[in-house]
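Topology and contacts: notes
The chain contents come next:
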Amino acid sequence: MTPIQIMHSTHSTHNEDHFRLFKTIGLAVFFVGILVFISSLFLGDYQITQQSLQASEDRVSAERLQALQPLIGTTFSSKHNALAQISSAIRAADPQIDDYNLGVTKFWILKNATTGLLKENTFFYFLLSVILAAVGSLLYIVPQFYEGLPGIKHNNIWFSTAMARGAVGITIGTLFIGFYVLLYWFPQYIVNLVLLFDPVSYFIRDLPADQWFLYGFLYTLTIIVMGLRMLAKYRHSRYHIIRTFSIIFFQLIIAFLLPSFLERLSLPSMDLKNAWPLNYYFFTDWHINSLWGGGTFGQFIFIWGMVLSFIVVPVLTYFYGKRWYCSWVCGCGGLAETLGDPFRQLSNKSLRAWKVERFSIHSVLIFAVVMTVMQIANYSSDGALFANYTWRVNQAYSFLIGAAFAGVVGTGFYPFMGNRVWCRFGCPIAAILGIVQRIKSRFRITTNGGQCISCGNCSTYCEMGIDVRAYAQRGENIVRASCVGCGVCAAVCPRGVLRLENGPAEKRFNLPEMQAVN
Amino acid sequence: MEHLVIIGNGITGVTVARHVRKRSDKKITIISAESEHFFSRPALMYIFMGHMRYKDTKPYEDWFWEKNRIELANDFVTEIDTDNKTLILKAGAKMQYDQLVIATGSVSNKFGWPGQDLPGVQGLYSLQDLQLLEQSSKNAQRAVIVGGGLIGIEMAEMCLARIIPVTMLVREKSYWDNILPQRESQLITRHILEHGIDLRCETNLKEIIAGADGRTCAVITDTGEEISCKIVGLTPGVSPNVAVVKNSKIETGRGILVNDFLETNIPGVYAAGDCAEIVTPEDERNKIEQLWYTGRMQGKALAKTLCGERTEHVRGIWFNSAKFLDIEYQTYGFVGNVPREGESSFYWEHADGRMCLHMVYNAENHQLVGVNVFGIRMRHNLFEKWLSEKRTLAYVIRHLRQANFDPEFFTEFEPEIITHYNTQFPGQKLHLQGRRGLFNNIFA
Ligand SMILES: Cc1cc2nc3c(=O)[nH]c(=O)nc-3n(C[C@H](O)[C@H](O)[C@H](O)COP(=O)(O)OP(=O)(O)OC[C@H]3O[C@@H](n4cnc5c(N)ncnc54)[C@H](O)[C@@H]3O)c2cc1C
Ligand code: SF4
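Analysis parameters
- Residues numbered from 1 in each chain as written.
- Chains lettered and ligands numbered in written order.
- Predicted model: local features only at pLDDT ≥ 70, side-chain atom pairs only at ≥ 80, totals over all residues.
- Heavy atoms only, no water.
- Near = heavy atom within 4 Å.
- Polar contact = N/O pair within 3.5 Å; in protein donor to acceptor, adjacent residues only side chain to side chain.
- Areas by Shrake-Rupley, 256 points an atom, 1.4 Å probe, with all protein chains shown as cover.
- Helix = DSSP H or I, 4+ residues; strand = E, 2+ residues; numbered from the N terminus.
- Nonpolar A, V, L, I, M, F, W, Y, C, P; charged D, E, K, R; others polar.
- Buried < 20%, exposed > 50% of the residue type's maximum accessible area, 1.4 Å probe, protein only.
- Contact = heavy atoms within 4.5 Å.
- Pairing = 2+ DSSP bridges.
- Domains from an automatic or database assignment.
- Axes fitted to C-alpha atoms, helices over the stretch in contact; angles between N-to-C directions.

**Section: the site of ligand 1**
Near ligand 1 lie 32 residues; those nearest to it are R495 of chain A together with T12, E34, Y125 and D274 of chain B. Residues near ligand 1 are shared among chains A and B, making this a multi-chain site. Taking I11 of chain B, its main chain carries an N or O atom lying 3.2 Å from an oxygen atom of ligand 1. The side chain of E34 of chain B places a nitrogen or oxygen atom 2.6 Å from an oxygen atom of ligand 1. Look at ligand 1: alone it shows 1,000 Å² of surface, and the protein chains cover 94% of it. Counting residues per element, the ones that place at least two in the shell around ligand 1 are α1 (11-23), α5 (150-161) and α7 (292-306) of chain B.

Now the structure itself:
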């Protein structure tokens, strides 16, 4: 070997050793954090006292608190028993109570009744679980900024147990699904986890944590941590660097901190980038009333919501394609582009999947539109029109679409069906943006003449399951409703065949007149 | 119904079949031995590296063939009887044809090295080669790649992906300098070294030796050095696969001899793609082009001929592309490894040494002859246009930004390039015209 060669080979192996050590420690630390987090679920007893009931005053009505008086002095070691007793006491006093109110009552009563080590050291446990897991992840991720040379890093993905539907992937998926089921339908069973977030919640919004704060915090933290991973992986690609910063900004500032801050000021709070119909309760009576009743600021938010949904969204989509929203701004897209990136290759590319996709996403859109029409009719007729149905349809939508589809399937299925299941098959705003993108937009993915070698990297790594190659190998531009413009096809193409770009809206479909094109 | 039989389901055979189907109702059968369905040969490396599964490399879904009434026979043709228009298949079965297209591809070269048939020694061409490599790569402590072309560097990258250290033995002074001009060759050479590949230039293989288990255990180079290794990749190029026509009346040279219409000496029998050798006038060397793009273009031209519209294959303005580890390469027009007479060149290299632009032009009238570009993507259609319009170097440099095909937000190097140009040609003060992106192309 020449001296340069020796220098190079020893240099790189030396570094790789350090990296491996860091990464192993990071992984171990991450697991400890996760274990502490999960085991917190089982920590503590539940003691109902005068004080614990009082602590729920802001959330639970005085009559219900009254109904729980007989339980004062009781200590439960099992959550299940405690909840059963609370339930029956409430039901006895108010047999008409609906599931929603009963759930809220149970959640707060139990949360405030939690006692023990965890309750006394919530911040410590928070550090030991959530923060430790984040630190572990960073130890694992930061070396990736220095590992190897910048460039596409997809080695051995299909041999990975996590990323190719192996045992680890199935475990991750199952945990995600379990988490979402608890979060949406059984939040009273995760009160100890929610407790961990009390100190941060007080710090940020001066309110006790509820399950949505827990979710928002974890969501944001995940996007930041996995966003860093994305930045390391795509450190050679400025499109992805800027896009990832945009995602982190919108999640951290606009979706998390700003609404929390508004809550602190007791102002109507809203994620200002959440457009209708993703925001499917926008036109419900309670939402309109709460905004309209919230003074000038509430009215501003209402008007902004309308402007965003019906002017900003379509106009920007005309100029830049739906990517400006779906992979630069949106929270669901943000999680998909960060946490979901390792799973993008799992999306189905078949023609059949495309047919299913078009059917299902447009069905959800129709569902959302019908529901919204009912909401508006109901609201503007002062509750006379669709009186009994509006609420039920809302319920059905939020259960089926809002929770089951967007949450459980949308994220829980990352390790099974790729990271854009919701965006591809369900999201009604993606459907609208898609229609604009397909029919009238300046956006397209240009195919570079005859340079395609049909290798399939672009299709494989398309999270939306677009068979990009089918177009590229014919020299055709890619104009598809579903494309969210993540830019990965262009990045993985080994022959420089694809470019996301905006050009004149006409002639997007034309084949270049080149003899080299197939 | 007329029966078109195609031997070989590679890009050439499949392109013929698809385009014939677009134009006619003929019965079409593709016979191929390697795989049931068409896959992308250039993607072989990505299967081994775990970027894709085999099925991801298939450009068409499996229902495609039946839907387009293209019959697939996973079989091997042993003989062609042109007198009776009959093929003999491996199991002895026969198949009649009216038109025959031979698109049998290539085979890896071997140059008679001692030990070249040992287990652990292999080329990289087929799916079967991939399986072989899979087997030998278990517990391999080193791989030695012999031959520094495109397939050699791919094999090296494949081994690196599996954390197998690689030594490359290359006959040339620096990597691929029989094709690339010196500075580009050195740029890639540096990149190979920075990936930790032990590149030995001006070194040849002398022999491969076996261990006690009968498998490869080391190579000996012409400098007498012994390098122990479990894998030996032989990648000194490929040759047309003419085995199937050897005992027929179809004429062969190095490949199957055809004219510009891809017709062989036997009426109704055609050859295209890697296996074809296009006979050219007297003094020029016959053309064999073992490229994906060539197979595709020939396949398309041949389909017209087969459907009654006799069409010449025209390669048109040359283009090609490749990727060397992390560095992408595109070329348009002609750039030789040494300048031809009457040619001058303009060369820019980025300070990081991983990007460069090399333009060759006619010294007299300054018309662009060809461009090599590393680490920057360029628009194929614009370069094809500029080359066919015989634009000058200055014109192309001025409009270079419009040809840039890098993703949005990527650093623009055109200002640096034009400054470099202006210092090299002090009499000229060029300014960049237009912006990057599509709006220019249409309004400029
Ligand atoms: C690793 C690798 C990477 C490459 N990368 C690039 C690249 O990046 N860009 C580029 O332009 N080119 C590249 N090439 C070259 C390109 O793949 C070939 O030029 C192209 O595949 C040739 O296509 P073809 O259809 O002519 O032949 P093939 O693809 O070889 O197809 C011929 C088929 O016929 C079958 N066959 C042969 N004889 C018989 C018989 N008697 N009976 C039945 N079946 C038979 C063979 O098994 C084979 O499957 C690469 C090649 C390799 C090996
Ligand atoms: S990744 Fe590039 S070369 Fe490969 S199929 Fe897609 S466009 Fe073609």
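**As for the site of ligand 2**
Residues and elements named next belong to chain A. Of all residues adjacent to ligand 2, which total 13 residues, the nearest are C452, C455, G456, C458 and C493. Of all the elements in the fold, those that place two or more residues in the shell around ligand 2 are α22 (457-460) and α23 (468-472). Each residue belonging to the shell around ligand 2 can be placed in one class, and the counts come to nine nonpolar, three polar and one charged.

**Brief notes about the environment of Y239 of chain A**
The topology assignment puts Y239 of chain A in helix α12 (residues 238-264). Its relative accessible area of 3% is what places Y239 of chain A among the buried residues. As for Y239 of chain A and R438 of chain A, which are separated by 199 residues in sequence, their C-alpha atoms are 23 Å apart. If sequence neighbours within four positions are ignored, Y239 of chain A has contacts with R323, W328, G485, C486, G487 and L500 of chain A together with E408, F409 and F410 of chain B. Among the polar contacts made by the side chain of Y239 of chain A, one reaches the side chain of R323 of chain A at a distance of 3.1 Å.

**Observations regarding the sheet that holds strand β2 (residues 75-76) of chain A**
Residue and element names in this part refer to chain A. In spatial order, the strands read β2-β1-β3; together these three strands make up an open sheet with antiparallel pairing. In the strand order of this sheet, the two ends are held by β2 and β3 (114-115), each with one partner. Bridge count between strand β1 (residues 45-47) and β2: two bridges; the pairing is antiparallel. Each residue of the ladder has a partner; that of Q47, found in β2, is T75.

**Description of the domain arrangement of chain B**
Along its sequence, chain B is carved into domain 1 (3-107 + 239-306), domain 2 (121-236) and domain 3 (319-424). The centre of domain 1 of chain B, based on its C-alpha atoms, is set 35 Å off from the matching centre of domain 3 of chain B.

**Focus on the sheet that holds strand β25 (residues 368-374) of chain B**
Residues and elements named next belong to chain B. Taken in spatial order, the five strands line up as β21-β22-β25-β24-β23 in an open sheet, and their pairing is antiparallel. The open sheet has two edge strands, β21 (319-324) and β23 (343-349), and neither has a second partner. Strand-to-strand twist in this sheet, taken as the mean axis angle between neighbours without regard to direction, amounts to 10°. Sheet strands in contact with helix α11 (residues 414-424) are β23 and β24 (356-362), and its direction is about 135° off that of β23.

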